Amino acid sequence: MSEEYPLEQMAQLISAIRRAASELKELGGGIPAVGRNVERILASVRMLELNISDVLNVTEVSGGE
Amino acid sequence: MNAGIYWNPVLETLPREKLAELQLRKFQRIFSWAYKHSKFYRKLYKEAGIEPGDIKTFEDIRRVPKVEKAMMRAIQGKDPYPYGDMLCVPLEEVTEYHQTSGTTGQPVYQPDTWQDWEWLAECWAYILYAHGFRKHDRVFIPFGYNVFIAFWAGHYAAEKIGCEVVPGGVLNTEARILKMREVRATALMATPTYLLRLAEVAQNKLGLDPAKDLYITKIATGAEPGGSIPATKRRIEKLWGAKLYEHCGATEIGAWNYECLAQSGLHVNEAFFLVEIEDLETGELITEPGKMGKMVITAFDRLAQPCIRFDSKDVIQWSPEETCECGRTFRKIQGGILGRADDITKVKGVLFAPTSVEEVVRSIPELGNEYEIIVSRKGEVDDISLRVELLPEFQDRREAVKEELGRQLRVKTNLRFNLEFCEFGTLPRYEVKSKRFKDLRKEAK
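Just so we're clear, the structure is a prediction, and the values are computed from it rather than from any experiment.

Below, the discussion takes up the overall build of chain A. Of regular secondary structure, chain A possesses 2 helices and 0 strands. With the principal axes as the frame, chain A shows a C-alpha extent of 45 × 20 × 15 Å. A burial count over chain A gives 20% of its 65 residues as buried. Sequence separation of at least 24 residues holds for 53% of the intrachain contacts in chain A that already meet a minimum separation of 6.

See below:
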């Protein structure tokens, strides 16, 4: 069933969301309301990586560091 | 296949050879993470002479030292306080504290980062979706929200799925039943013991029939073996007029398997966990179905306090069914958790699993839900007793029930029990995990 879904394209978008969220955190310059909300976004991004991206190529461990 | 029955059709129907590749790569990843970030794991692996680059096959995984709960207890209470050096992240990254229930001794602390917590809810989302929980459900959770992890992640997962969640935390049992009726809850999560208790209180104290007067259609259960014991499952489904689905999990592991709508075994979430079954005596790997052994488990994606080749002491067996009508490719176990390696003991020279008694007690309609097994030693001889409650309306059938109970127990366990009938309502009632087996021989040592 995995062939029925555009996994490559989905994985690229997930990666783009991670990059965008991380850039946002940088731009936030230590604003707690930005940094902490981005952390939560990244935790959700990680779940997308575990569910989709890892099937193609196991992603590096991220978060919690 | 109807893709609408899966939380994630990509992983849940992944061909088995791809699943195995994924598992190996994910094991390498968590092993490297723990080696790099945890003093405890690095020391353990260095002493065994294994480094991250050494894990190339599943046979290599078998060489990785196991972790036991006693090892976790030994390091906890030390720096970084209170978790000790198994911790892989700075303390300030920990957002969640939970602890084991202490069923088998001193509780073990479980730290999680927010990402870990998302992961735990994700594991539970697989569970609840497989049980048929959907956005339209109103889920009642009659659970005392506290340091025990139990249904916390179920709460978050139900929200993630989009259900409406009604937390029944500080309410007492009667108030919980009335609240379920008031809000017309359609789904429920509780241990088998507490589901029976809720039904008993509804019937005997409130005059309500859960199957007719409440609106529950599906129930998620776990934390005890009952959900996979046919007689207990039948009893609960009849009392509630609802489908009962089981899953298994543990504080230090996560929620690692689940029953699907086919109700024919529990699918191991093999995309998130590696389950190995070892022979109880030889430690050899068991891959064939129907042979009981001890579970050794790895959670691939939990980072703060990784669970790598954890010797769970839970006794399980693979299912003979290689496929499932639901289409999931995740392998199934049969009968849920069959017991604890610690609890399976010899009585009068016979290997005895306490869970075998539950199937007998719950299959006799004249008996109440509660029971207690006591093993002791009289002189040099083992003695085993079973205390049960005869339902008030069947008091005139005491002798016939006693005979039938003794007969079925002999067939099931090869043991002759001393049978004691207690007044209905006098045996202990439990809200989370029950403690129905007492081996006084261990206490006497």
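Structure's up, so let's keep going.
Bringing the sheet that holds strand β20 (residues 437-439) of chain B into the picture now. All names here are of chain B. An order of β19-β18-β17-β20 is seen for the 4 strands of this open sheet, with the pairing classed as mixed. Edge positions in the sheet fall to β19 (418-422) and β20, since each of these pairs with one other strand and no more. Strand after strand, the sheet turns through a mean of 15 degrees between neighbouring axes, direction not considered. Both strand β18 (residues 381-390) and β19 contribute to a ladder of 5 bridges, which runs parallel. What sits directly across from glutamate 389, in β19, is cysteine 422. Packing against the sheet, helix α13 (residues 398-413) makes contact with β17 (367-378), β18 and β19, and its axis sits at approximately 140 degrees to β19.

Another aspect to go through is helix α7 (residues 152-161) of chain B. Along α7(B), the positions that sit buried rather than exposed are Trp152(B), Ala153(B), Gly154(B), His155(B), Ala157(B) and Ala158(B). Buried residues in α7(B) make contact with α6 (114-131), β3 (138-141), β4 (164-167), β5 (187-189), β6 (218-221) and β8 (254-259) of chain B.

Residues and elements named next belong to chain B. As defined by bridge partners, β17 adjoins β18 across 9 bridges and the pair is classed as antiparallel. Considered in β18, the bridge of tyrosine 371 is made with valine 388. If you look at the hairpin formed by β17 and β18, you'll find 2 residues sitting between the two strands, and glycine 379 has a positive phi there, around 65 degrees. Crossover β18 to β19 through α13 is right-handed.

We now examine the interface of chain B and chain A. If you look at the interface, chain B gives 24 residues, while chain A gives 20 residues. Elements with a minimum of two residues in the side of chain B that touches chain A: α1 (9-12), α2 (16-37) and α6 of chain B. Of the residues contributing to the side of chain B that touches chain A, the split by class is 13 nonpolar, 4 polar and 7 charged.

What follows deals with the sheet that holds β5(B). All names here are of chain B. Here we have 8 strands laid out as an open sheet, ordered β4-β3-β5-β6-β7-β8-β9-β13, and mixed in their pairing. The open sheet terminates on both sides in strands that have one partner only, identified here as β4 and β13 (332-333). Pairing of strand β7 (residues 243-250) with β8 involves 4 bridges; the strand directions are antiparallel. If you follow alanine 250 over to β8, its bridge partner there is glycine 254.

Residues and elements named next belong to chain B. Grouped together as the largest cluster of nonpolar side chains are 111 residues, with contacts concentrated most on Trp124, Ile127, Leu128, Val139, Leu195, Ile219 and Ile297. Ignoring sequence-local partners within four residues, the contact set of isoleucine 297 consists of Ile253, Trp256, Phe273, Leu274, Val275, Cys307, Phe310 and Ser312. Val347, Phe352, Val357 and Leu367 belong to the second-largest nonpolar core, a separate cluster that totals 17 residues.

It is worth spelling out the domain arrangement of chain B at this point. All names here are of chain B. Along its sequence, chain B is carved into domain 1 (1-341) and domain 2 (345-444). Taking only C-alpha atoms into account, the centre of domain 1 sits 28 Å from that of domain 2. Considering every element that reaches the side of domain 1 that touches domain 2, the biggest residue donor is helix α9 (residues 192-204), with 5 residues. The residue makeup of the side of domain 1 that touches domain 2, split by class, is 10 nonpolar, 8 polar and 4 charged.

Time to look at the packing of helix α2 (residues 32-56) of chain A against α6(B). Where α2(A) contacts α6(B), the two axes come as close as 9 Å, and the packing angle between them is 40 degrees. One element, α2(A), and the other, α6(B), form an angle in the oblique class. Here α2(A) and α6(B) pass one another in a crossing that is right-handed. Facing α2(A), whose interface residues are Glu39(A), Arg40(A), Ala43(A), Ser44(A), Arg46(A) and Met47(A), α6(B) presents Trp114(B), Gln115(B), Glu118(B), Trp119(B) and Glu122(B).

It is worth spelling out unusual backbone geometry at this point. All names here are of chain B. With an omega of -10 degrees, the peptide bond running from aspartate 79 to proline 80 counts as cis. Summarising the element assignment, proline 80 is placed in the loop between α5 (69-75) and β1 (94-99). Between tyrosine 81 and the following residue, proline 82, the backbone shows a cis peptide bond with an omega angle of 0 degrees. Looking at where proline 82 falls in the secondary structure, it is placed in the loop between α5 and β1. Of note, lysine 313 is a non-glycine position whose phi angle comes to about 70 degrees, a positive value. By the secondary structure assignment, lysine 313 is in strand β12 (residues 310-316). Since 17 C-beta atoms lie within 10 Å of it, lysine 313 is described here as partly exposed. Unusually for a residue other than glycine, lysine 348 sits at a positive phi of about 50 degrees. In this fold, lysine 348 is placed in the loop between β15 (345-347) and β16 (350-352). Residue classification places lysine 348 among the partly exposed positions, given that 13 C-beta atoms sit within 10 Å.

Parameters at a glance
Residues numbered from 1 in each chain as written. Chains lettered and ligands numbered in written order. Predicted model: local features only at pLDDT ≥ 70, side-chain atom pairs only at ≥ 80, totals over all residues. Helix = DSSP H or I, 4+ residues; strand = E, 2+ residues; numbered from the N terminus. Buried ≥ 20, exposed ≤ 12 C-beta atoms within 10 Å, placed from the backbone. Contact = placed C-beta atoms within 7 Å. Pairing = 2+ DSSP bridges. Axes fitted to C-alpha atoms, helices over the stretch in contact; angles between N-to-C directions. Right-handed = clockwise from strand over helix to strand, strands pointing away. Nonpolar A, V, L, I, M, F, W, Y, C, P; charged D, E, K, R; others polar. Core = buried A, V, L, I, M, F, W, Y, C linked by C-beta atoms within 7 Å. Domains from an automatic or database assignment. Parallel < 35°, antiparallel > 145°, perpendicular 65-115°, else oblique. Left-handed = near helix turned anticlockwise from the far one by under 90°.

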